[in-house]
Structures are given as C-alpha cells and as structure tokens.
Amino acid sequence: MRKNIVVTGYGIISANGITPIENLDLEDFPFPVGAIKLTNDELKRNLDIPLEKQVGRTTLLGITALLQAAENANVSDKTPGRIILISGTTAGEMDLTEQYWQDINNHADVMLHHDCGSCTEHIAQGVGFINECTTISTACSSGANAILEAAEILEADNADIVFAGGAEALTKFHLTGFASLMILDREVCRPFADNRAGLNLGEGAAFLVMETEQHAISRGAKILCYFAGGGNACDAFHQTASSPEGEGAYLAMNNALINANVAPDAIQYVNAHGTGTVNNDASEMAALKRIFGEKMPIIESTKSITGHTTSAAGAIEAVICIQKLQQNSKLQNVMDNSFGFGGNDTSLIFSRCQSESNANCYNSNIETEIVAKYQLTNEDDIAEIKEFLKPSEYRRMGKILRSSLLTSIKALKQCNITVPDAIITATTLGCWENSEKILDHLTEPQPTLFMQSTHNTIGSNTAIYLKCHGYNITYTQGEDSFARAMHKAEILIKSGKCNNVLVGLHNENTQRYRDIMHLAGRDGLQPLLSLSVVVKRKN
C-alpha cells in the first residue's frame, strides 16, 4: 500500500499587489511587478544576518519562508531524523552576479556562488538543521516539481521530513529577458480575460513541510492536509510557447488525477498557471476543458496579486491551495498547476482526506541497469549533430543544446529506443554561454538567447526533438547533480512510472568563465562535457 504523504507546515513570503518597479536600477522600465516591500538590509535584520555580509536576495527570501515553515511545523535542530531541503530556482543569486559583472575580475569570488545549487545550500545554512539539499530547475514549474519530488522521496523512505518549494528574486536578467519576449503587461495582468495582454513578474519564496502520515503522528505534528498526488509531463512543443491543445498541461493534470485516484469531478478548485499571456491562457484553458469537460471547477489565477514568481510560483500557489482547503469546508480536493518554459508542466493535488490510491507503490526490490552510454568531450565532434537537424535548427541551437542532443540520440540508438519514458538532466550552469552574453548586454538581451538560457532548456530541447511527452526534470546541485539525476531514474522505475529513462549530464563553460574561476582559486574545469545514459528496469 502506498504511503500517505501529509503537509504539516508551510512558510511564504510574496507580494500583495502589483506596483511600479523599485529598488532595481532600471530607469523608465514600463512594466509593473509583484515586488516584496522589504529591502535586502531589512530582510537581513529580520534574519539576524550582519548587514555587511554578502547574501543574494533569493537566498534571503528563501531563508525567510523556510524559517516560517519550520516554526509552523514545529521542526527545529532538536527534531530527530533525516531532514532535507528540495528547492526550485532558475536565477539563484543572479542579483549578485549582475551587481559585479562589469568588474567581475575584481570580484571573482562571487562566481563561486552563482550556480543555483549554491543558493539552495545557502538557504539551508540559514536554518542550520538541513542534512541534504537538492535543487530543481525547470523554470516556472520548479517549485511544483520540488513538492512532487518530496513526495517521491518520502515514498521511497529516503527522508523523514522534507522542506519542499522554491525561491526567486526579481533580477534585471529576468525582467529584461521577459521584456525581450514581448509578453509583459504594462498594467496589472488579467489572466484568462479577453483583453489580457501579458504577465507581471514577481518575486517570493514558499516551502511546505512534508512527511508521511505515520511520521507526523509519531511526533505529534498537526496535519494540515494530504498530498494526494502529482503529475509531471512535457509539452514537447516549443521553448517558450505552449501547444494550442495544451498537451503537456493535459497530461500533467491527467497524471496527477490518476496518481491521486481522484476523479475530475471531485476537484472543486484549480489554482491555474494563468499567467495572463494570450498563448498560455488559451492553451491551459484548452487542457482544462479536455480534463473537466462541462463540469468545470472554480478556476483562479492569483498572479494578478503575487505576480508571476517563476520558480517559486508552484510553491507559493500550493500554499494558497492549502489555505483554501483550510478556510473553505466545501473544498475537498484542490489542484495546483505550474507550467514552465520548455513545456515542463506539473500539476499537484492536495486533499482534505486521503483516498485509497491505485497508483503503483515504490518497490525497492526492483533492480535497474545502464543499458547504453555515449559521452562527448571534444567540441569538434558536435558537428555530427548536423546529420539529424535541418540547417535552420542547427543554427538556432547553442553549443550545449547540440552536444546534449547528439549524445542523447546516440545513447538511445544503442539500445533501440526511439522515445524514452522520461528525460532527466543534470547540469551545474545550464546554458552558460548564452547567460554570459545576456549579462554583457543586460538592458537589451536578444530573445533567442533568453529563450535558451534556462537550465531546463537542455532537457526540453531533447524532448521537443524526440517528441517525448514523458516525465521531464532538471537537477542543478553542482558536482552532485548527476547523482541526483540517477537516483531519480531509479525512483521512477521502482515506482512503476517508467520502464526506461534517458539521463544526461551536460555542462559547458567559456574561456572567460574559466579565467574568472582561476582568479577565484578554482581550476581544472572541463570546457564541455555531455554524457547520456539510458537506465532500464532489469529483466
């Protein structure tokens, strides 16, 4: 029988309304945002952090929400057991990188903490009782995927208590990047309205405290609700646009309903992704109609209040869903939708009571094996990908997208698999070459570069090429990224969700980055590494 997963606490910090931008040095930026009205110094004072200490804003927001969640769930350094943190972020401490980029050679140590994994580690250090960290970066579904990951980790008995959610601060990188895509609204966004004209970016952080029902009872914790189930799927359509029929959104919601053993008509409320863009809302509504038909539940988007907090959105909106359950006795099952760039789509279901689930249980007796492996370390060999791409496709892809796709195709061919059941990516810096170019021209980034700058661009690019709608997730935890990805492959197979998984370790950097890291005292970085393996259930 599958374990019951419960929520015993949460913490949240977010905007409460959309206002003109402040604090960031962006003169005449015409788009309003969901900004938290606390400066970094004020956040530090609240957290008893010395003002002179250099701490990124995402980290400060994350620590704030994490401490709230710990207090809410009565978890502290005196709480026994394996306590881990799973956090979603895309930009990490990008605000510090932006601050020093033009003089980065004299502040090279900043780059030691640029990667998203470091940000999560800093959040964990802020509370002092976290045993292990994992960072997920699937753009706007990162926080939701962290919560789904927590449930899977608990079902596999790999932790006793999991703090799961996401954190993201407003940065110039985000703001000017989204502006280049021409999808920001000059007014307060109007999700699903006929006159909607775009989204408002926001910032914030939220974390849930999750554990098995048995563990919660044993330590006398108050159960707020049940995590009934979740679904992860890939739209496999475009890096930033959603398919007209909302295939990825439909699959994510359908998988969540199956996983939770909840019928569509048993859902009373949906916190939709609902960004306010013409494309997203039309696609999501098409998917909602496919799921619910004529019996639509209450559908709401809260992004006109919080702004679109990107990686934190799924977690912030999960807290809102749980609050809805607590405040409205008529609600029994609620759904939280989060859909990210690259078609990384995730749906979560929270319930007042746990229903019996028909979903497969985690089976530790199932064995897995690597059945194919292909590695690329020489940049000259990347040109072989031309065999599989049209010239226009090749030109649009950056180096890491070409190399990761090539090794993926080669590994799959070795074991005669056309489309894998899932794609899992491990990367430290993601598409760093593009990110570096954007940092050089922050006020006028090229939309193509921004579209190919998120960490999950790598895995979604492979999914789009292969037309793979299966589970898709990206880990970015420094040197531990690949271990996290391989562990995930085992969990998916041992849980009966997949028979085979394509796992990739894909890293790139530039000569400039290596020079900066040399100044910071870190040498020996490999310019390029693309490794793809296929993991299968052992017969």
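What counts, and where the lines are drawn
- Residues numbered from 1 in each chain as written.
- Predicted model: local features only at pLDDT ≥ 70, side-chain atom pairs only at ≥ 80, totals over all residues.
- Heavy atoms only, no water.
- Buried < 20%, exposed > 50% of the residue type's maximum accessible area, 1.4 Å probe, protein only.
- Helix = DSSP H or I, 4+ residues; strand = E, 2+ residues; numbered from the N terminus.
- Pairing = 2+ DSSP bridges.
- 1 Å grid on protein atoms, 1.4 Å probe; cavity = no way out; pocket = protein on both sides within 12 Å on 5 of 7 lines; lining within 4 Å.
- Points joined across faces, edges and corners; volume = space filled by probe spheres on them.
- Nonpolar A, V, L, I, M, F, W, Y, C, P; charged D, E, K, R; others polar.
- Contact = heavy atoms within 4.5 Å.
- Core = buried A, V, L, I, M, F, W, Y, C linked by side-chain atoms within 4.5 Å.
- Salt bridge = Lys/Arg side-chain N within 4 Å of Asp/Glu carboxyl O.
- Axes fitted to C-alpha atoms, helices over the stretch in contact; angles between N-to-C directions.
- Left-handed = near helix turned anticlockwise from the far one by under 90°.
- Patch = residues over 30% accessible without salt bridge, like charges linked within 9 Å, V, L, I, M, F, W, Y side chains within 5 Å.
- Areas by Shrake-Rupley, 256 points an atom, 1.4 Å probe, with all protein chains shown as cover.
- Lys, Arg positive; Asp, Glu negative; His and termini not counted.
- Charge placed at Lys NZ, Arg CZ, Asp CG, Glu CD.
- Phe/Tyr/Trp six-rings, centres within 6.5 Å; stacked < 30°, edge-to-face > 60°.

### Let's talk about the pairing of strand S1 (residues 5-14)
Burial analysis of S1 places eight of its ten residues in the buried class, which makes it a mostly covered element. Where S1 lies against strand S6 (residues 225-234), three bridges are found, and the strand directions are antiparallel. Of the residues in S6, the one forming a bridge with Val7 is Cys225. Bridging between S1 and strand S5 (residues 204-212) involves nine bridges; their strand directions are antiparallel.

### A look at empty space enclosed by the protein
Scanning the model with the defined rule gives three cavities of 30 Å³ or more in all. In this structure, the largest cavity encloses a volume near 240 Å³. The wall of the largest cavity is formed by 20 residues, among which Thr90, Ala91, Phe173, Ser453 and Thr454 lie closest to the centre. When residues of the lining of the largest cavity are traced back to their parent elements, those giving at least two are helix H6 (172-180) and helix H14 (432-440). Considering each element in turn, the lining of the largest cavity owes the most residues, three residues, to H6. Considering only residue class, the lining of the largest cavity consists of eleven nonpolar, eight polar and one charged. Size it by volume and the second largest cavity reaches roughly 50 Å³. When residues of the lining of the second largest cavity are traced back to their parent elements, those giving at least two are strand S12 (422-426), helix H16 (457-466) and strand S14 (500-508).

### Focus: helix H4 (residues 116-125)
For H4, a buried count of eight out of ten residues is recorded, marking the element as mostly surrounded by other parts of the structure. If you check which residues of H4 are buried, you get Cys116, Gly117, Ser118, Cys119, Thr120, His122, Ile123 and Ala124. The inward-facing, buried residues of H4 contact helix H2 (57-73), strand S2 (83-88), strand S3 (132-136) and strand S4 (161-168).

### Some remarks on the nonpolar core
Residues Ile147, Leu208, Met210 and Phe350 are the most contacted members of the largest nonpolar core, which totals 59 residues. Contacts of Ile147, omitting those with residues within four sequence positions, involve Ala164, Leu208, Met210, Phe227, Gly314, Ala315, Ala318, Leu348 and Phe350. With 36 residues, the next largest nonpolar core counts Leu96, Tyr100, Phe173 and Phe450 among its residues.

### Some remarks on the pattern of salt bridges
Tallying each qualifying case throughout the model produces 21 salt bridges. Between Glu300 and Lys324 there is a salt bridge; the shortest N-O distance is 3.4 Å. Highlighted residues: Glu300 in strand S8 (residues 298-300) and Lys324 in helix H11 (residues 313-327), separated in sequence by 24 residues. Judged by its relative accessible area of 26%, Glu300 is partly exposed. Linking Glu490 and Lys494 is a salt bridge whose minimum nitrogen-to-oxygen distance equals 3.7 Å. Highlighted residues: Glu490 and Lys494, both in helix H17 (residues 481-494), separated by four residues, approximately one helical turn. Sharing partners across several salt bridges, the network here consists of Glu149, Glu152, Lys488 and Lys497.

### Overview of the packing of helix H8 (residues 247-260) against helix H9 (residues 278-292)
Packing of H8 against H9 leaves a shortest axis separation of 8 Å and a crossing angle of 35°. Where H8 crosses over H9, the handedness of that crossing is right-handed. In this structure, H8 uses Glu247, Ala249, Tyr250, Met253, Asn254 and Leu257 to contact H9, whose residues at the interface are Ala287, Leu288, Arg290 and Ile291.

### Observations concerning a positive patch on the surface
Positive charge collects at one region of the surface, where Lys390, Arg395, Arg396 and Lys467 lie side by side. Within the secondary structure, Arg395 sits in helix H12 (residues 391-396).

### Describing the side chain of Glu152
You can see Glu152 is positioned in helix H5 (residues 142-155). Those residues in contact with Glu152 that sit more than four places away from it in its chain are Tyr471, Lys488, Ile491, Leu492 and Lys497.

### Considerations on unusual backbone geometry
The backbone of Ala139 shows a phi angle near 55°, a positive value even though the residue is not glycine. Inspection of the secondary structure puts Ala139 in the loop between S3 and H5. Ala139 gets classed as buried once you look at its relative accessible area, which sits at 2%.

### Here we look at the packing of aromatic side chains
Across all of its chains, the model carries nine aromatic pairs by this definition. Judged by centre distance (5.9 Å) and plane angle (45°), the ring pair of Phe129 and Phe163 falls under tilted. Residue Phe129 is found in the loop between H4 and S3, and its partner Phe163 is found in strand S4; the two are separated by 34 residues along the sequence. Summarising the burial analysis for this pair, Phe129 and Phe163 share the class buried. Relative to Phe450, the ring of Phe178 has its centre 5.4 Å away and its plane inclined at 65°; by these criteria the two rings are edge-to-face. Here the residue Phe178 occupies a position in helix H6, and Phe450 occupies one in helix H15 (residues 447-451), the gap between them amounting to 272 residues. Given the relative accessible area of 4%, Phe178 is considered buried. Connected via pairs of aromatic rings, a cluster forms that spans Phe173, Phe178, Phe341 and Phe450.

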